[in-house]
Amino acid sequence: MNLSRLALSLGQSATLKLNELANNLRAEGKPVIHLGGGEPEERIPGGAAAESRRLLDGGFVRYTPVSGTAPLKKEIAAYTSRHYGVEPGPKNIVVASGAKQAIYNFLVSVVDPGDQVVFPAPYWVSYPEMVRLAYGMPVVVRPREGRLTVSAGDIEAHITSRTKAILLNSPNNPSGQVYSEDFIREMVEICEHRNIYLLMDDIYNSLVFDGLKAPSAFNFSKRPLNDSPIVSVNGVSKTFSMTGFRIGWSVANEAVTQAMTKVQAQVSSCPSALSQAAAAGALREGDGFAEALRAGLEKKRDVMAAELSKLGKVKLHKPQGTFYSFPDFSAYEKDSAKLAARLLAEAMVVTVPGAEFGLEGHLRLSYCGSAADIVEGVARIRKVLK
Ligand SMILES: Cc1ncc(COP(=O)(O)O)c(C=O)c1O
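Rules and cut-offs
- Residues numbered from 1 in each chain as written.
- Predicted model: local features only at pLDDT ≥ 70, side-chain atom pairs only at ≥ 80, totals over all residues.
- Domains from an automatic or database assignment.
- Contact = placed C-beta atoms within 7 Å.
- Helix = DSSP H or I, 4+ residues; strand = E, 2+ residues; numbered from the N terminus.
- Nonpolar A, V, L, I, M, F, W, Y, C, P; charged D, E, K, R; others polar.
- Near = placed C-beta within 6 Å.
- Pairing = 2+ DSSP bridges.
- Right-handed = clockwise from strand over helix to strand, strands pointing away.
- Core = buried A, V, L, I, M, F, W, Y, C linked by C-beta atoms within 7 Å.
- Buried ≥ 20, exposed ≤ 12 C-beta atoms within 10 Å, placed from the backbone.
- Expected span 1.5 Å × (residues − 1).
- Axes fitted to C-alpha atoms, helices over the stretch in contact; angles between N-to-C directions.
- Left-handed = near helix turned anticlockwise from the far one by under 90°.

Peer 1: Outline the domain arrangement of the chain, listing residues and values.
Peer 2: How big an interface is tends to be stated in terms of accessible area lost as the parts join. Taken domain by domain, the chain comprises domain 1 (5–43 + 288–385) and domain 2 (46–285). Averaged C-alpha coordinates put domain 1 and domain 2 at centres separated by 25 Å. In this complex, domain 1 contributes 31 residues to the contact, which on the side of domain 2 involves 30 residues. No other element matches the seven residues that helix H11 (residues 287–308) contributes to the side of domain 1 that touches domain 2. Residue composition of the side of domain 1 that touches domain 2, grouped by class: 13 nonpolar, eleven polar and seven charged.

Right, here's the structure in full:
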């Protein structure tokens, strides 16, 4: 087969592959418990359904402006100003088909071949492959033994003259950890001083527990938005349980936004008009929905932590946000892929190996499913480990 070197070099998305596997096993009638999922089980907010239905009933569903519709941009600007304390204009926003496409648009817009993009482990599974898709070089910063976060100094030590951007995801998939204000402040200072882009993947920033708040990088910027190297990415997938709508967005300075718009124009023209209408409805009316989802996940986080504490030798940094936990199973098995395969074969429990996120010895266990599944899933894991 005559495939490109780039295509041949790419790994498959481990998490999407596991979703498929879990669905196939369920279809075969197997009693599978899916602790590998990456989407809440709640129904979408009423406002989202009403808004997309209104557009559909009107009978005109057309291309929209490349960077998104005016009503959705207005809602994104209001959301950004509520949550980040910075008010972007329409020329600072690109609506994309998911936060994933927003990150891709960004990387393709700023990375030259061989440029380095630095991010800490554990990282979202797609970062290394997305950097490679942009012909960049992923540079991973590993935490010290027993930790799930790195210091600003650890990241700074990996910056070279080829560093184009730093990617941070807080709250973090897979660890559930929220980076501190001090850390974010230092990262902003470093990036603004060295003129390196700081991409904040804020997709989980509304799903934070224990009264914490995920600090926004914009709060620590000493520059106006249009002169800032900070790019924030967010979307409706997680906060509003709208993964299937595929709507995300970026907030950035006008020059970067223009470049990202050009990329998107050539790749996909625009995100789906129906989905943009739905996202506008969710942002306008969905604050109550998002809070109920957050509160429900906090309770399920507590269930997961309580169940995991029954596994004597498993170490857990209690998640402070998201719907993932990232316990360390290395006292039982150091090879995470081997352990995940065993749990699937012997207990029909789907988990994601830590190796996929750049940190061996851990498994990612989601708590976005039912509390009953969490209890049963961890009980099955306990039996296998015995
Ligand atoms: C850290 C992180 N960033 C981005 C995304 C992509 O979200 P979207 O569905 O908006 O493409 C995900 C989805 O799992 C994620 O976990």
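After that view, the rundown keeps rolling.
Peer 1: Any details on the site of the ligand? Residues and values, ideally.
Peer 2: Among the 13 residues in the neighbourhood of the ligand, the closest are listed as Gly98, Ala99, Lys100, Gly235 and Ser237. For the shell around the ligand, the residue count by class is three nonpolar, eight polar and two charged.

Peer 1: So what's going on with the sheet that holds strand E11 (residues 352–353)? Residues and values would help.
Peer 2: Strand order across the open sheet formed by three strands is E9-E12-E11, with antiparallel pairing between neighbours. Edge positions in the open sheet fall to strand E9 (324–325) and E11, since each of these has one partner strand only. With two bridges joining them, E9 and strand E12 (residues 363–366) adopt antiparallel strand pairing. Following the sheet pairing, Ser325 is matched in E12 by Leu365.

Peer 1: Now, about the pairing of strand E4 (residues 137–141): what can you tell me, with residues and values included?
Peer 2: Sheet topology note: the strand E3 (residues 116–120)/E4 ladder contains five bridges and is parallel. Looking across to E4, one finds that Gln116 is bridged to Met137. Taken together, E3, helix H6 (residues 126–133) and E4 form a β-α-β motif whose crossover is right-handed.

Peer 1: Run through the nonpolar core, naming residues and quoting values.
Peer 2: The nonpolar side chains of a soluble globular protein tend to be buried with one another. Counting residues in each nonpolar core, the largest one holds 107 residues, and the members touching the most others are Ile103, Leu107, Ile166, Leu198, Leu199, Met242 and Ala279. The element best represented in this core is helix H5 (residues 99–110), accounting for eight residues. Shared between two domains, this core takes at least three residues from each, and those domains are domain 1 (5–43 + 288–385) and domain 2 (46–285).

Peer 1: Run through H5, naming residues and quoting values.
Peer 2: Over its twelve residues, H5 extends 17 Å from the first C-alpha to the last, a length consistent with the 16 Å expected when each residue adds 1.5 Å. Counting buried residues in H5 gives twelve out of twelve residues, a clear majority hidden from the surface. Taken together, the buried positions of H5 are occupied by Ala99, Lys100, Gln101, Ala102, Ile103, Tyr104, Asn105, Phe106, Leu107, Val108, Ser109 and Val110.

Peer 1: Outline the sheet that holds strand E7 (residues 230–235), listing residues and values.
Peer 2: If you trace the seven strands from one edge of the open sheet to the other, you get E2-E8-E7-E6-E5-E3-E4, paired in mixed fashion. Each edge of the open sheet is held by one strand with a lone partner, namely strand E2 (93–96) and E4. Across the sheet, the axes of successive neighbouring strands diverge by a mean angle of 20°, strand direction being ignored. As paired elements, strand E5 (residues 163–169) and strand E6 (residues 197–201) share five bridges and run parallel to each other. When the sheet's bridge partners are listed, Ala165 is paired in E6 with Tyr197.

Peer 1: Tell me what's going on with unusual backbone geometry, and back it up with residues and numbers.
Peer 2: Across the junction of Ser170 and Pro171, the peptide omega takes the value -5°, indicating a cis bond. Among the structural elements, Pro171 can be located in the loop between E5 and helix H8 (181–194). Of note, the bond from Asn173 into Pro174 is cis; its omega dihedral lies within 30 degrees of zero at 25°. With respect to the helices and strands, the residue Pro174 is situated in the loop between E5 and H8. A positive phi is found at Tyr135, a non-glycine position, where the angle reads about 65°. Looking at the secondary structure, you find Tyr135 in the loop between H6 and E4. C-beta crowding within 10 Å serves as the criterion here: with 14 such atoms nearby, Tyr135 is assigned to the partly exposed category. If you check the backbone angles, Asp210 has positive phi at about 60° while not being a glycine. Checked against the element boundaries, Asp210 lands in the loop between E6 and E7. For Asp210, a count of 11 C-beta atoms within 10 Å gives the class exposed.

Peer 1: Lay out the packing of helix H3 (residues 46–58) against helix H10 (residues 273–285) with the relevant residues and their values.
Peer 2: Across the interface, H3 lies against H10 with an axial gap of 7 Å and an inter-helix angle of 145°. The way H3 lies across H10 gives a crossing that is right-handed. Side by side, H3 and H10 meet where Gly46, Gly47, Ala48, Ala50, Glu51, Ser52, Leu55 and Leu56 of the first sit next to Ala273, Leu274, Ala277, Ala278, Ala280, Gly281, Ala282, Arg284 and Glu285 of the second. When its residues are assigned to classes, the contact of H3 with H10 shows ten nonpolar, four polar and three charged.

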